[in-house]
Amino acid sequence: MTSMNNSPVVFREYPTHSGHLIAEAMLNDADALNALSLEMIDLLYAQLIAWAKNTQVVCVVLKGAGDKAFCAGGNIRKLYESILETKYTRNLYAERFFSREYQLDYLIHQYKKPVICLGKGFVMGGGIGLINGASHRIVCESSVLAMPEINIGLFPDVGSSWFLSRMPEGIGAFAGMTGVRMKAADALFVGLADHYLPFQQFNALEQQLTAILWKDSHAEGDADNHVLLTDALNQLAEPYICECPSSALKKYHQQIAAITANSAPDKILQKLLSSENPWLNKWAKPLKNGCPVTAWIVQEQIKRAATMSLAEIFKMEFDIAIQCTRYKDFCEGIRALLIDKDNQPQWEDKSLSDVSQEKIASFFISHWSDEEHPLKNLTEILSVINAKQSIIKDILQEKTAEQKS
């Protein structure tokens, strides 16, 4: 169930002993595992801007309603409907959804004040985009992190190119091509989490945050507050370090590195299928049954992202995402998994070896010039807070127009 407050995101502020404020944003659609909608994105973005400008606010907490998930992905049903309506041509809804989602993710990455993300339960897709940008990422015994887009014919987006290309050798390709489900220890090993706390200790966190002697929020103060928060979380988490189960990704890292080294997706599949390691062998199935094009996109996005800035990565991912709405695989994957639920997607390319390199190259071609790109002002928007007010104004104007129509 959702919170008694029926807003899709619930915001609150509470005082600290030092006279400052802790700000909290709770995704509030537990029945849908807090799947990220465009309305949620817009609400979060506007509120984070307001908190960035509020000198009393010293820290932001991101959490999800219910016990099952922080955020299990994006709400893609409307994307599915919009693709069918536009018949694989230009899709303004998709452009709004992906551009605003990526702006939100980038904002969190660049946020000056500490941002804590409580990654309980399922943290997938759009949820990964939120937690990855946070400065202090906390996981627990129920945490399951993944980018399983290969199952729906999309690709690991929301900034995944950044962290997949910077994971321990071979893990990024393996995670992107298989959608491997990472538990708490795996997330800590690959750099998607910073602290482990048992879920029952999440409630103690609020008390811990109020007790910190925070500094006033400004350039130097924010830096001090990051250190103060890190020290407090380390102290809170220390008694539970031994409770965190071991990481399968760490245990089998060398084997994963050998399987993915200098290998195309079809070769990686062959190696996984022939592996005598049962844990590795089971992850051949999603690569074998998933969208062939996605696997090849993963290989290329990781390769390109290694030398790109974060802003460049988000622009690249936006171009790929829009291109995905113009091919049938994305719609077919959603249909098979969420609409008809027959789990029998009919991919355009029947196997990994059927995918042409010309087709993969087409996903990395932008439909916009640098001057016209929807994310052209990404770095400028974040370096000048006031510039973001124009985006918020545009969002409010669109909502007003929608209500009138």
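For the structure itself, consult the block above.
In this report, the structure presented in the accompanying data block is examined. Keep in mind that what you see is a predicted model, and the values were worked out from it rather than measured. (Residues numbered from 1 in each chain as written. Predicted model: local features only at pLDDT ≥ 70, side-chain atom pairs only at ≥ 80, totals over all residues. Heavy atoms only, no water.)

1. A short note on helix α4 (residues 126–133)
With eight of eight residues buried, α4 lies mostly within the body of the structure. Among the residues making up α4, those that are buried are Gly126, Gly127, Ile128, Gly129, Leu130, Ile131, Asn132 and Gly133. (Buried < 20%, exposed > 50% of the residue type's maximum accessible area, 1.4 Å probe, protein only. Helix = DSSP H or I, 4+ residues; strand = E, 2+ residues; numbered from the N terminus.)

2. Notes on the pairing of strand β1 (residues 9–15)
Taken residue by residue, a regular strand's side chains alternate between the two faces of the sheet. As judged from the seven bridges shared by β1 and strand β2 (residues 21–27), these two strands associate in the antiparallel manner. Counted as the bridge partner of Glu13 is Ala23 from β2. In this structure, the hairpin formed by β1 and β2 is closed by a connection of five residues, where Gly19 is found at a positive phi of approximately 90°. (Pairing = 2+ DSSP bridges.)

3. Quick word on the packing of helix α11 (residues 253–260) against helix α12 (residues 265–274)
Two numbers describe how α11 lies on α12: the axes approach to 8 Å, and their chain directions differ by 135°. Considered as vectors, α11 and α12 are oriented oblique to each other. Where α11 abuts α12, its residues Ala258, Ile259 and Thr260 lie against Ile268, Lys271 and Leu272. Class assignment of the residues belonging to the contact of α11 with α12 gives a composition of four nonpolar, one polar and one charged. (Axes fitted to C-alpha atoms, helices over the stretch in contact; angles between N-to-C directions. Parallel < 35°, antiparallel > 145°, perpendicular 65-115°, else oblique. Contact = heavy atoms within 4.5 Å. Nonpolar A, V, L, I, M, F, W, Y, C, P; charged D, E, K, R; others polar.)

4. So, the packing of helix α2 (residues 77–86) against helix α3 (residues 92–110)
Here α2 crosses α3 at 150°, and the two axes come no closer than 8 Å. Judged by the angle between their axes, α2 and α3 are roughly antiparallel. Across the interface between the two elements, Lys78, Leu79 and Ser82 of α2 pack against Tyr93, Ala94, Phe97 and Phe98 of α3. When grouped by side-chain class, the residues that make up the contact of α2 with α3 number five nonpolar, one polar and one charged.

5. A word on the sheet that holds β1
On the basis of which strands lie adjacent, the open sheet formed by six strands has the order β1-β2-β3-β5-β7-β9 and mixed pairing. Pairing within the sheet leaves two strands with one partner each, and these edge strands are β1 and β9 (195–196). Inspection of the sheet shows β2 paired to strand β3 (residues 57–64) by seven bridges, in the parallel sense. By the bridge assignment for β3, Glu24 is matched with Val61. Contacting β1, β2, β3, β5 (115–119) and β7 (136–139), helix α8 (residues 202–211) runs over the sheet at an angle of about 45° to β1.

6. Considering the pattern of salt bridges
Applying the stated criterion to the full structure yields twelve salt bridges. Ionic pairing is found between Glu95 and Arg90, a salt bridge with its closest N-O pair at 2.8 Å. Members of the salt-bridge network, linked through shared partners, are Arg12, Glu24, Lys63 and Glu206. (Salt bridge = Lys/Arg side-chain N within 4 Å of Asp/Glu carboxyl O.)

7. Overview of the pairing of β2
The element β2 is extensively covered by neighbouring structure, given that seven of its seven residues are classed as buried. Judged by which residues are buried, β2 turns out to be covered on both faces: Leu21, Ala23, Ala25 and Leu27 on one side and Ile22, Glu24 and Met26 on the other are all buried. The β-α-β motif built from β2, the intervening helix α1 (residues 38–53) and the parallel element β3 has right-handed crossover chirality. (Right-handed = clockwise from strand over helix to strand, strands pointing away.)

8. Quick notes on unusual backbone geometry
Residues other than glycine seldom take positive phi values, yet Lys341 does so here, at roughly 55°. Within the fold, Lys341 resides in the loop between α17 (328–339) and α18 (357–362). Residue Lys341 is classed as exposed on the basis of its relative accessible area, which comes to 56%. One non-glycine residue, Asn343, lies in positive phi territory at about 55°. Structurally, Asn343 can be placed in the loop between α17 and α18. We classify Asn343 as exposed; its relative accessible area is 52%.

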